[in-house]
Amino acid sequence: MVLEYASADHATPPDHAAQRAVDRALSELRRGEAVVITTEAGTALLAFAAEAVTTQALNHLAQLAGTAPSLVLTGQRAAALGLDVPLDRPVRVSPPAGLTADLVRDLSDPTRPPRTAKPTGAVSLEGGAEGAATILAKIARLLPAAIVADLPAGRGGMVDAAGFARRHDLLLVRAADIVDYRRRSARSLARVAEAAVPLEDAERTRIVAFRPTDGGPEHLAIVIGDPTPGQPVLARLHSECFTGDLLGSLRCDCGPQLRGAIREIAQAGQGIVLYLAQEGRGIGLMNKLRAYRLQDGGLDTVDANTVLGFDADERVYLPASTMLRQLGFTQVRLMTNNPDKMAQLAASGVEVVERVPHIFPANGHNEAYLRTKAEKSGHLF
Ligand SMILES: Nc1nc2c(ncn2[C@@H]2O[C@H](COP(=O)(O)OP(=O)(O)OP(=O)(O)O)[C@@H](O)[C@H]2O)c(=O)[nH]1
Ligand SMILES: [Zn+2]
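Everything numeric here is computed off the predicted structure, so don't read it as measured data.

Colleague: Help me get a handle on the overall build of the protein chain, residues and values and all.
Modeller: Along the protein chain, the regular secondary structure elements total 16 helices and 14 strands. Here the protein chain has a C-alpha radius of gyration of 22 Å; the compact-globule value for 381 residues is 21 Å, and the two agree. Here the analysis covers contacts within the protein chain between residues at least 6 apart in sequence; of these, 66% occur between residues at least 24 apart.

Colleague: Describe the nonpolar core, with residues and values.
Modeller: Among the nonpolar cores identified, the biggest contains 60 residues, and I37, A47, A133, A146 and I147 are the most heavily contacted of them. Leaving out residues up to four positions away in the same chain, A133 has contacts with I37, L45, A47, V72, A146 and V148. Ranked by size, the runner-up nonpolar core spans 35 residues in total, among them C254, I262, M323 and L345.

Colleague: Would you mind going over the UniProt feature "binding site: GTP" (unreviewed entry) in the protein chain in detail, with residue names and values included?
Modeller: With numbering aligned to this structure, UniProt lists the feature "binding site: GTP" (unreviewed entry) at R236, L237, H238, S239, E240, Q257, E279, G280, R281, T301, T336 and K341. On the secondary structure map, R236 appears in strand 11 (residues 233-239). The residues contacting R236, other than those within four sequence positions of it, are A261, V273, M335 and H358. For T336, the position within the fold is in the loop between strand 13 (331-335) and helix 15 (339-347). Residue T336 is classed as buried on the basis of its C-beta count, with 23 C-beta atoms lying within 10 Å.

Colleague: Let's hear about the UniProt feature "binding site: Zn(2+)" (unreviewed entry) in the protein chain: which residues, and what values?
Modeller: Mapped onto this numbering, the UniProt entry gives "binding site: Zn(2+)" (unreviewed entry) at C241, C252 and C254. Looking at the secondary structure, you find C241 in the loop between strand 11 and helix 9 (242-246). Ignoring anything within four residues of it in the chain, the contact list for C241 reads C252, C254 and E279. In this fold, C252 is placed in the loop between helix 9 and helix 10 (254-268). Aside from chain neighbours lying at most four places away, what touches C252 is C241, G244, N366 and Y369.

Colleague: Summarise unusual backbone geometry; cite the residues concerned and give the values.
Modeller: The phi angle at D169 is positive, at roughly 55°, despite the residue not being glycine. By the element assignment, D169 lies in the loop between helix 7 (161-167) and strand 7 (172-174). Phi at R281 takes a positive value of approximately 50°, unusual for a residue other than glycine. Take R281: it is sitting in helix 11 (residues 279-282).

Colleague: Break down the site of ligand 1 for me, with residues and values.
Modeller: Near ligand 1 you find 22 residues, and of these S239, C241, T336, N337 and N338 are the closest. Among the elements that make up the shell around ligand 1, the one with the highest residue count is helix 11 (three residues).

Colleague: Could you give an account of the packing of helix 2 (residues 16-30) against helix 8 (residues 175-187), with specific residues and numbers?
Modeller: Relative orientation and spacing of two packed helices are given, respectively, by the angle between their axes and the distance between those axes. Viewed as axis vectors pointing N to C, helix 2 and helix 8 meet at an angle of 110°, and their least axial separation amounts to 9 Å. The pairing of helix 2 with helix 8 is recorded here as roughly perpendicular in orientation. Contacts between helix 2 and helix 8 pair A18, Q19, A21 and V22 from the former with D177, I178, Y181, R184 and S185 from the latter. Within the contact of helix 2 with helix 8, the residues separate by chemical class into five nonpolar, two polar and two charged.

Colleague: Describe the pairing of strand 2 (residues 44-49), with residues and values.
Modeller: Successive side chains on a regular strand alternate, one facing one side of the sheet and the next facing the other. Counted residue by residue, strand 2 has six buried out of six residues, so it is predominantly covered. Alternating positions in strand 2 separate into two faces, A44, L46 and F48 on one and L45, A47 and A49 on the other, with burial throughout. Bridge count between strand 1 (residues 35-38) and strand 2: four bridges; the pairing is antiparallel. Bridge assignment links V35 to a residue of strand 2, and that residue is A47. Hairpin connection, strand 1 to strand 2: the antiparallel pair is bridged by five residues, and G42 has positive phi, about 90°. Pairing between strand 2 and strand 6 (residues 145-150): five bridges, direction antiparallel. When the bridges of strand 6 are listed, F48 appears paired with I147.

Colleague: Which residues make up the pairing of strand 10 (residues 219-224), and what are the values?
Modeller: Of all six residues that make up strand 10, five are buried, and the element is covered over most of its length. Where strand 9 (residues 205-211) meets strand 10, six bridges bridge the pair, whose relative direction is antiparallel. Opposite I207, over in strand 10, you have I222 as the bridge partner. Where strand 10 and strand 12 (residues 271-276) come together, five bridges link them in antiparallel fashion. Looking at strand 12, one finds that L220 is bridged to Y275.

Colleague: So what about the sheet that holds strand 14 (residues 351-356)? Which residues, and what values?
Modeller: Think of a sheet as strands paired side by side through backbone hydrogen bonds, with each pair either parallel or antiparallel. Within the open sheet, the seven strands sit side by side as 8-9-10-12-11-13-14. Their pairing is mixed. Edge strands, defined here as strands with exactly one partner in the open sheet, are strand 8 (190-196) and strand 14. Averaged over neighbouring strand pairs, the angle between their axes works out to 25° when direction is ignored. Together, strand 10, strand 11, strand 12 and strand 13 form the strand contacts of helix 10, whose direction differs from that of strand 11 by roughly 170°.

Colleague: So, the environment of A266: which residues are in play, and what are the values?
Modeller: You can see A266 is positioned in helix 10. Given 19 C-beta atoms within 10 Å, A266 falls into the partly exposed group. Sequence separation between A266 and D201 is 65 residues, and the spatial gap between their C-alpha atoms is 7.1 Å.

Here is what the cut-offs are and how they apply
- Residues numbered from 1 in each chain as written.
- Chains lettered and ligands numbered in written order.
- Predicted model: local features only at pLDDT ≥ 70, side-chain atom pairs only at ≥ 80, totals over all residues.
- Helix = DSSP H or I, 4+ residues; strand = E, 2+ residues; numbered from the N terminus.
- Rg over C-alpha atoms; globule rule 2.2 N^0.38 Å.
- Contact = placed C-beta atoms within 7 Å.
- Core = buried A, V, L, I, M, F, W, Y, C linked by C-beta atoms within 7 Å.
- Buried ≥ 20, exposed ≤ 12 C-beta atoms within 10 Å, placed from the backbone.
- UniProt positions renumbered as here; feature names shortened; annotations may be inferred.
- Near = placed C-beta within 6 Å.
- Axes fitted to C-alpha atoms, helices over the stretch in contact; angles between N-to-C directions.
- Parallel < 35°, antiparallel > 145°, perpendicular 65-115°, else oblique.
- Nonpolar A, V, L, I, M, F, W, Y, C, P; charged D, E, K, R; others polar.
- Pairing = 2+ DSSP bridges.

Okay, here's the thing in structure tokens:
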């Protein structure tokens, strides 16, 4: 099958400027710089990633904004620290004596040696800009926590966020654009390259590579044989697992699932494996290694995620549905045990006409992991 490439025009979404602002903010955050986050309500925050905290950075933020910095945690992280708060709202912690770099590290990073740090002082439930700051940290694959300081209102009670950002050479990004970033990114995926790549277990294979126009994560379709567009296709949605897929880690079941899917599809004649760039159930490799560390301390795979401040599963399957559609498929026979994959695909307009179980034997190291997936995440083993 010869594939047509999307034209540049087709691939340019109307919200290009919004995506660009978020993408730039991501790299600022990863470099430890602050960005200005604005809300539709007219408020604005200066924010940088908790993971980049230093005494100097805290002082610099306070001096820039002219207000005391607070720490923003996700509801999940705050609950893990013993606060009685809803899990789905960000929490802002403002200790009366002010933040220190050590306190920020202790509150935001559970892999640090245990100390007795507890959030003290004003703890408030927040929304717009604070929530966006934690989402930005998540998309940047950092710990989901941010240090923030309010921009004070100027004359007339208005915050001149744009003027402030310009004066201090800071990037300005809208909270709503951060919230929409992943959805827009998935929508803007376009095919950029394709080549035959004969595999050990499936010789008639080609890889079709997709890239979003915002420079975000690239995803791959591994197309085996010649599936007929418009017909239900045997498909596996595989989330990246560096440790399992490449190194053969025994902590999970990803390696056998990936190779097994390729073998099974080759035996069936045709089908597609989507290789999705959402390592560690969407928290990234660094954070997955942190989660492993917590699991070595006794937590299960779900609790390790939430103690870090993430949801148990941060993955989205909108990119998968966009890729399937662009390849000509809207119906799948899905190789999975995970009901959330089926639900998310269905919600994004790809019909799951059949679930094909995709189970591999435990290996002596991953029994607890598989049990937790069944008991807590509803996997159908
Ligand atoms: N955060 C975290 N991610 C993990 C852990 N173990 C494996 N993973 C990740 O879990 C994902 C597994 O992906 P899949 O095999 O596609 O999905 P699944 O949820 O197991 O569902 P099915 O295999 O389709 O039934 C990969 O992104 C792995 O990197 C863990 O302990 N913590
Ligand atoms: Zn894995």
